[in-house]
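Descriptive structure summary
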Amino acid sequence: MTSKKFRNKLCVYCDNGISETGDHIIARKFVLEKNRANLPKVPCCRKCNEEKSRLEHYLTSVLPFGGRHSCARDSLVAVKPRVARNKKLRDELANGWRTQGARISTNWGISVPTTVIPFDSGRLCNLATYVALGLSYYHYDLKLTPKYETYATWVTGFGDKILIESFYKRFQGDTL
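Given the structure is predicted, the values throughout are model-derived calculations rather than measurements.

**Points about the pattern of salt bridges**
- One pass over the structure, following the stated rule, counts seven salt bridges.
- Here Lys143 ties to Asp15 by a salt bridge, and the two come within 3.6 Å at their closest N and O atoms. Placement of Lys143 in the loop between helix H5 (121-140) and helix H6 (157-171) and of Asp15 in the segment before strand S1 (21-24) is noted, with a sequence separation of 128 residues between them.
- Of the residues examined, Lys143 reaches a relative accessible area of 26% and is grouped as partly exposed.
- Where Glu56 meets Lys52, a salt bridge forms, and the shortest distance between an N and an O atom there is 2.6 Å.

**So, a nonpolar patch on the surface**
- A grouping of Ile26, Phe30, Leu63 and Phe119 is seen on the molecular surface, where their side chains present a nonpolar patch of about 290 Å² in accessible area.
- Tracing the sequence through the fold places Phe119 in the loop between strand S4 (111-116) and H5.

**Thoughts on helix H1 (residues 46-62)**
- With 17 residues, H1 ought to run about 24 Å at 1.5 Å a step, and its terminal C-alpha atoms sit 24 Å apart, in line with that.
- Inspection of H1 places Cys48, Lys52, Leu55, Glu56, His57, Tyr58, Leu59, Thr60, Ser61 and Val62 among the buried residues, and these make up the whole buried set.
- Where the residues of H1 are buried, they touch S1, strand S2 (41-44), helix H3 (79-84), helix H4 (87-96) and H5.

**A word on the packing of aromatic side chains**
- Using the criterion set out here, one finds three aromatic pairs in the structure.
- Between the aromatic rings of Tyr58 and Phe119, the centroid separation amounts to 6.3 Å while the plane-to-plane angle is 25°, which identifies the pairing as stacked. On the criterion of sequence distance, the pair formed by Tyr58 in helix H1 and Phe119 in the loop between S4 and H5 is long-range, its members being 61 residues apart.
- Here Phe119 falls in the partly exposed class, since its relative accessible area comes to 35%.
- Their ring planes at 85° and their centres at 5.5 Å tell us that Phe65 and Trp97 sit as a pair that is edge-to-face. A residue pair is termed long-range when its members are at least 10 positions apart, and Phe65 in the loop between H1 and helix H2 (72-77) and Trp97 in the loop between H4 and strand S3 (98-103) qualify at 32 residues.
- Residue classification places Trp97 among the partly exposed positions, given a relative accessible area of 42%.

**Points about unusual backbone geometry**
- We note that Asn38 has phi near 60°; this positive angle belongs to a residue other than glycine.
- Of note in the backbone geometry, Asp141 takes a positive phi value of approximately 55° without being a glycine.
- Note on placement: Asp141 falls in the loop between H5 and H6.

**Some points on the layout of surface pockets**
- Taken as a whole, the largest pocket holds about 330 Å³ of empty space.
- The wall of the largest pocket is formed by Val62, Leu63, Phe65, Gly66, Arg68, Trp97, Thr114, Thr115, Val116, Ile117 and Phe119.
- Top element by residues in the lining of the largest pocket is S4. It accounts for three residues.
- A class-by-class count of the residues in the lining of the largest pocket yields seven nonpolar, three polar and one charged.
- For the second largest pocket, the calculated volume is near 280 Å³.
- For the second largest pocket, the lining is made up of 17 residues, of which Lys29, Phe30, Val31, Pro64 and Ser75 are closest to its centre.
- Counting only elements with at least two residues in the lining of the second largest pocket, the list comes to H1 and H2.
- For the lining of the second largest pocket, the per-class residue count stands at eight nonpolar, four polar and five charged.

About the cut-offs
Residues numbered from 1 in each chain as written. Predicted model: local features only at pLDDT ≥ 70, side-chain atom pairs only at ≥ 80, totals over all residues. Heavy atoms only, no water. Salt bridge = Lys/Arg side-chain N within 4 Å of Asp/Glu carboxyl O. Helix = DSSP H or I, 4+ residues; strand = E, 2+ residues; numbered from the N terminus. Buried < 20%, exposed > 50% of the residue type's maximum accessible area, 1.4 Å probe, protein only. Patch = residues over 30% accessible without salt bridge, like charges linked within 9 Å, V, L, I, M, F, W, Y side chains within 5 Å. Areas by Shrake-Rupley, 256 points an atom, 1.4 Å probe, with all protein chains shown as cover. Expected span 1.5 Å × (residues − 1). Contact = heavy atoms within 4.5 Å. Phe/Tyr/Trp six-rings, centres within 6.5 Å; stacked < 30°, edge-to-face > 60°. 1 Å grid on protein atoms, 1.4 Å probe; cavity = no way out; pocket = protein on both sides within 12 Å on 5 of 7 lines; lining within 4 Å. Points joined across faces, edges and corners; volume = space filled by probe spheres on them. Nonpolar A, V, L, I, M, F, W, Y, C, P; charged D, E, K, R; others polar.

Take a look at the structure:
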């Protein structure tokens, strides 16, 4: 049963639709069952909830393959049933799965066979945007409406250096 406190409010994500439910900002699927208590929720319309859910399903099915944290193996166990229920994703992963040499040492030029799976980084950026909007509202009561053009993106190491330098120039009047 959905809590009434999230119904009939403006959606936090699009600031247009009327909420029907409370959406977990960080999907429960991303968190092991033992750590799911008290995940933050925000008002969400059906359209945003469905789009965010599609992104979460994709990412919870693909990201665990690269897990390096202490619970990575536990996260990977949940992938098999998710992928088994989604033929399109299963085919996408099977068709893009390959082995390639990955350089593990720049000093010696050693490379070892590494498994690579296809990954749509745009989906991760889109989900990160939803999460940023949800957390801004949940923690600061700040609704970042579409006029703010909120989005997430990847930055390379080189791009990171440029971004940091431009930040210092603009806000500190100095470079690193």
